[in-house]
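Listed below are the residues making up each chain.
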Number of protein chains: 2
Amino acid sequence: MTAAPDDTSDGASAQRSDAVRNRVRLLEAAARLVAERGVEHVTMHEVAEAAGVGKGTLFRRFGDRDGLLLALLGEAEAEFQEAYTSGPPPLGPGAPAKDRLTAFGRALIERIAADADLGAALGRQVLHERRHASDTGRAFHRHVSTLLRKAGVDGDHDMLAHALLAFANFETADYLRKECEVPVARLQATWADLVRRLTRSDGKRPPD
Amino acid sequence: MTAAPDDTSDGASAQRSDAVRNRVRLLEAAARLVAERGVEHVTMHEVAEAAGVGKGTLFRRFGDRDGLLLALLGEAEAEFQEAYTSGPPPLGPGAPAKDRLTAFGRALIERIAADADLGAALGRQVLHERRHASDTGRAFHRHVSTLLRKAGVDGDHDMLAHALLAFANFETADYLRKECEVPVARLQATWADLVRRLTRSDGKRPPD
């Protein structure tokens, strides 16, 4: 983060750098507490205390507990985002769009099933609507939608991406894994099958 | 509900008929209160009072608030279930499986979008896991899975049915309608497109 080029006021600059320091401190404290005791046992009060920052600052910075968790989710997701946007194929660029889609879903489902995955633990704590509207949720959707288009799918990529992701979201995948005891491999195979069915061409489309 | 054939005790029979009467009374009171003030404003206490039944009986009968709402959901869904299992085509029998699948999703999405739909209002109040594991949730899944098989889909019907229904559940459909302002017609068109893509044959399946 750099100061704006027209910034000449040392006071304003110092204020901004205080704000950045506070933000980083709060995120660090939150990440540490979440790792130590699990995200569901961490309160805003404890985060403020551990960061040595006032509770008012914490709320000003992140709005509410969901806001803090979403910011932390963004940090936790940076590595995965790097992997699917610019890492090695088939998750990253270089493989055909269809293979990248399959790899993306496989990785997503594997992460949902991993108890130690911080991003998954955080995402699960946030309401469905806010999670989907978050930077991470929107990045997932954009990625899937773009790959469907690149794979030559003739259709409403935006909605088909939502449909694919609805199968791999926490509500669906957790229910299937935990309540129906569906193995992770079967969920991943279903994702791959859905991608195959969505991306295969069917000559001409029948009139609606 | 009839007495068991070997029932000879008038006392046990009277007890059972009391239990049935209490159950019906409680469901009637709950339905009336839900219609009057909306499901989110109805407490167990009020239902017991309106039914003239002890709160202990209410909890014994339904376990908890979710249990009562699920029982009410079962009653509210009876008409829809009748329509898709034995009503006129294309929702009911007589139309090709693919058309019945399309009609089922259209009807489901229309109901989710209808503010006055009691079944939808009730279902929305119950946690995802319990809703899906309920009689209604399992009946939906069985119906979709059976139609996929009847439509000649070569694949994991059970999982593909979960995938289709994940697109039309409350979490996904409400998010798309309310947060993304997607019109109901576009959600229904996407369901129809998914059914089309899932049920079209592709000659031979490539090796996995």
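Owing to the predicted nature of the structure, the values given are computational and were not obtained by experimental measurement.

Rules and cut-offs
- Residues numbered from 1 in each chain as written.
- Chains lettered and ligands numbered in written order.
- Predicted model: local features only at pLDDT ≥ 70, side-chain atom pairs only at ≥ 80, totals over all residues.
- Heavy atoms only, no water.
- Least-squares fit on C-alpha atoms with pLDDT ≥ 70 in both.
- Contact = heavy atoms within 4.5 Å.
- Helix = DSSP H or I, 4+ residues; strand = E, 2+ residues; numbered from the N terminus.
- Buried < 20%, exposed > 50% of the residue type's maximum accessible area, 1.4 Å probe, protein only.
- Polar contact = N/O pair within 3.5 Å; in protein donor to acceptor, adjacent residues only side chain to side chain.
- UniProt positions renumbered as here; feature names shortened; annotations may be inferred.
- Salt bridge = Lys/Arg side-chain N within 4 Å of Asp/Glu carboxyl O.

Undergrad: Go over the relation of the copies chain B and chain A with me, naming the residues and quoting the values.
TA: Placing chain B over chain A gives an RMSD of 0.0 Å and needs a rotation angle of 180 degrees, together with 0.0 Å of translation along the axis. Accordingly, the operation relating the two chain copies is best matched by a two-fold axis. Relative to the rotation axis, the closest C-alpha in chain B is found at Ala166(B), a distance of 2.7 Å. In this assembly the copies share their binding face: 100% of the residues contributing to the interface of chain B also contribute to that of chain A.

Undergrad: Talk me through the environment of Arg100(B); I want residue IDs and the actual numbers.
TA: Residue and element names in this part refer to chain B. With respect to the secondary-structure elements, Arg-100 resides in helix α5 (residues 97-113). On the accessibility criterion, Arg-100 (9% relative accessible area) is buried. Between the alpha carbons of Arg-100 and Trp-191 there is a distance of 12 Å; along the sequence they are 91 residues apart. Contact partners of Arg-100, with chain neighbours within four places excluded, come to Tyr-84, Thr-85, Pro-90, Leu-91, Gly-92, Pro-93, Ala-95, His-143 and Leu-147. A polar contact is formed between the side chain of Arg-100 and the backbone oxygen of Gly-92, at a distance of 3.0 Å.

Undergrad: Quick rundown of the UniProt feature "DNA-binding region" (unreviewed entry) in chain A? Include the residues and the values.
TA: Per the UniProt entry, the sites bearing "DNA-binding region" (unreviewed entry) are residues 43-62 of chain A in this numbering. Taken end to end, residues 43-62 of chain A has its terminal C-alpha atoms 13 Å apart, with 80% of it in helix and 0% in strand.

Undergrad: With reference to specific residues and values, describe the interface of chain B and chain A.
TA: The figure often quoted for interface size is the accessible area lost as the parts come together. Across the boundary between the two partners, chain B contributes 34 residues, which contact 34 residues of chain A. At the boundary of chain B with chain A, the tally comes to 4 salt bridges. Across the salt bridge formed by Asp156(A) and Arg186(B), the nearest N and O atoms sit 2.8 Å from each other. At the junction of chain B with chain A, the criterion picks out 15 residue pairs in polar contact (both at pLDDT 80 or more). Only α7 (128-133), α9 (157-167), α10 (170-179) and α11 (184-199) of chain B provide two or more residues apiece to the side of chain B that touches chain A.

Undergrad: Run through the UniProt feature "domain: HTH tetR-type" (unreviewed entry) in chain A, naming residues and quoting values.
TA: The feature "domain: HTH tetR-type" (unreviewed entry), as given by UniProt, occupies residues 20-80 of chain A in the numbering adopted here. Here residues 20-80 of chain A is 82% helix and 0% strand, with 24 Å between the C-alpha atoms at its ends.

Undergrad: Account for the pattern of salt bridges, with residues named and values stated.
TA: Taken as a whole and assessed by the stated rule, the structure comprises 28 salt bridges over all chains. Where Arg124(B) meets Asp174(B), a salt bridge forms, and the shortest distance between an N and an O atom there is 2.6 Å. With Arg124(B) in helix α6 (residues 118-125) and Asp174(B) in helix α10, this residue pair connects regions lying 50 residues apart in the sequence. According to the relative accessible area criterion, Arg124(B) is partly exposed, its value standing at 31%. Within the structure, one salt-bridge network assembled from shared partners comprises Asp64(A), Asp66(A) and Arg130(A).

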